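Residues per chain, in single letters:
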Amino acid sequence: MNHYHHIGRGICVYDRLYDTLTFQAGLLYHHSLEFENFVVDFDEKEQVSGLRVFDASQTLGINQDFLDHVSKHSFKVSFESGVVEMRVSLVGNKGQRSTHQVRMPLGVQHVPFG
């Protein structure tokens, strides 16, 4: 199983105008894989370097005000047996919590660096 787990370190940014939630683990970007409203970024060594969620408020079922005020975050991406699993956990500045998990087959579009 190829597996990456990221907790709390790095950057979590919500862009309200484009309704995009971005996690950046601080590793250099090399290429991406797209899965519906999710994009997983990888570095040159195939380690996950980030995760983007498009239409984040609808995709995750979370209010935009909550997404604007995330104080702690984590994301996990796993690949196993032709399936990708992504889990996003968020804590708001008032202690409210939200967790979203999605599993889907690896019928993916590879987006090369460049």
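Residues numbered from 1 in each chain as written. Predicted model: local features only at pLDDT ≥ 70, side-chain atom pairs only at ≥ 80, totals over all residues. Heavy atoms only, no water.

Brief notes about the overall build of the protein
Formally: Strands here mean DSSP runs of E at least two residues long; helices mean DSSP runs of H or I at least four residues long; both are numbered from the N terminus. Contact criterion: two residues are considered in contact whenever any of their non-hydrogen atoms come within 4.5 Å of each other. All accessibility values rest on the Shrake-Rupley procedure with a 1.4 Å probe; residue burial counts only the protein chains present in the view.
Helix and strand counts for the protein stand at two helices and 10 strands. Start at the N end of the protein and walk to the C end: the helices and strands fall as β-β-β-β-β-β-α-α-β-β-β-β. Of all intrachain contacts in the protein linking residues separated by at least 6 positions in sequence, the fraction that spans at least 24 positions is 48%. For the protein, the accessible area works out to roughly 6,800 Å², and carbon and sulfur atoms hold 48% of it.

So, unusual backbone geometry
Rules: The buried label goes to any residue with under 20% of its type's maximum accessible area, the exposed label to any with over 50%, and the partly exposed label to all in between, with areas taken from a 1.4 Å probe on protein chains only.
Here the phi dihedral of Glu-36 falls at roughly 50°; this positive angle occurs in a residue that is not glycine. With respect to the helices and strands, Glu-36 occurs in the loop between strand S4 (31-35) and strand S5 (38-42). Look at Glu-46: it is not a glycine, yet its phi comes out positive at around 70°. Within the secondary structure layout, Glu-46 lies in the loop between S5 and strand S6 (48-53). The exposure class assigned to Glu-46 is partly exposed, which follows from its relative accessible area of 47%.

With respect to the nonpolar core
The cut-off we apply is this: We define a nonpolar core as any set of buried Ala, Val, Leu, Ile, Met, Phe, Trp, Tyr and Cys residues linked to one another through side-chain atoms lying within 4.5 Å.
Leu-21, Phe-35 and Met-86 are the most contacted members of the largest nonpolar core, which totals 25 residues. Ranked by the residues each element gives to this core, the list is headed by strand S8 (residues 83-92), at four residues. Residues contacting Leu-21, with those up to four places away along its chain left out, are Cys-12, Val-13, Tyr-14, Leu-51, Arg-52, Val-53, Ala-56, Leu-60, Leu-67, Val-88 and Leu-90.

Describing the pairing of strand S2 (residues 11-15)
Put simply, the test is: Strands were regarded as paired on the criterion that DSSP finds at least two bridges between them.
For S2 and strand S3 (residues 20-24), the ladder comprises five bridges, and the chain directions are antiparallel. Looking at S3, one finds that Val-13 is bridged to Thr-22. The turn joining S2 and S3, which pair antiparallel and follow one another in sequence, is formed by four residues; a positive phi near 50° is taken by Asp-19.

So, the packing of aromatic side chains
Operational definition: When two rings of Phe, Tyr or Trp (its six-membered ring) have centres within 6.5 Å they constitute a pair, described as stacked for plane angles under 30 degrees, edge-to-face for angles over 60, and tilted for the intermediate range.
Within this structure, the stated rule accounts for three aromatic pairs. Both rings, one in Phe-23 and one in Phe-75, keep their centres 5.2 Å apart while their planes meet at 45°; by these two values the pair is tilted. With Phe-23 in strand S3 and Phe-75 in strand S7 (residues 70-80), this residue pair connects regions lying 52 residues apart in the sequence. Across the pair, exposure class does not vary: Phe-23 and Phe-75 are buried alike. With centroids separated by 5.9 Å and ring planes inclined at 35°, the aromatic side chains of Phe-42 and Phe-79 adopt a geometry described as tilted. Within this pair, whereas Phe-42 is found in strand S5, its partner Phe-79 is found in strand S7, the two being separated by 37 residues in sequence. One exposure class covers both Phe-42 and Phe-79, and it is buried. Here the aromatic residues Phe-35, Phe-42 and Phe-79 are joined through ring pairs into a cluster of three or more.

Digging into the confidence of the model for the protein
So the rule is basically this: As a per-residue measure, pLDDT reflects the predictor's confidence and takes values from 0 up to 100.
Overall, the predicted model of the protein reaches an average pLDDT of 83, with 85% of residues at or above 70. Considering each helix and strand of the protein separately, the mean pLDDT is smallest for strand S10 (residues 109-111), with a value of 43, and largest for helix H2 (residues 64-68), with 95. A low-confidence stretch, residues 109-114 (pLDDT under 50), is modelled with 15 contacts involving residues beyond four sequence positions or located in other chains.

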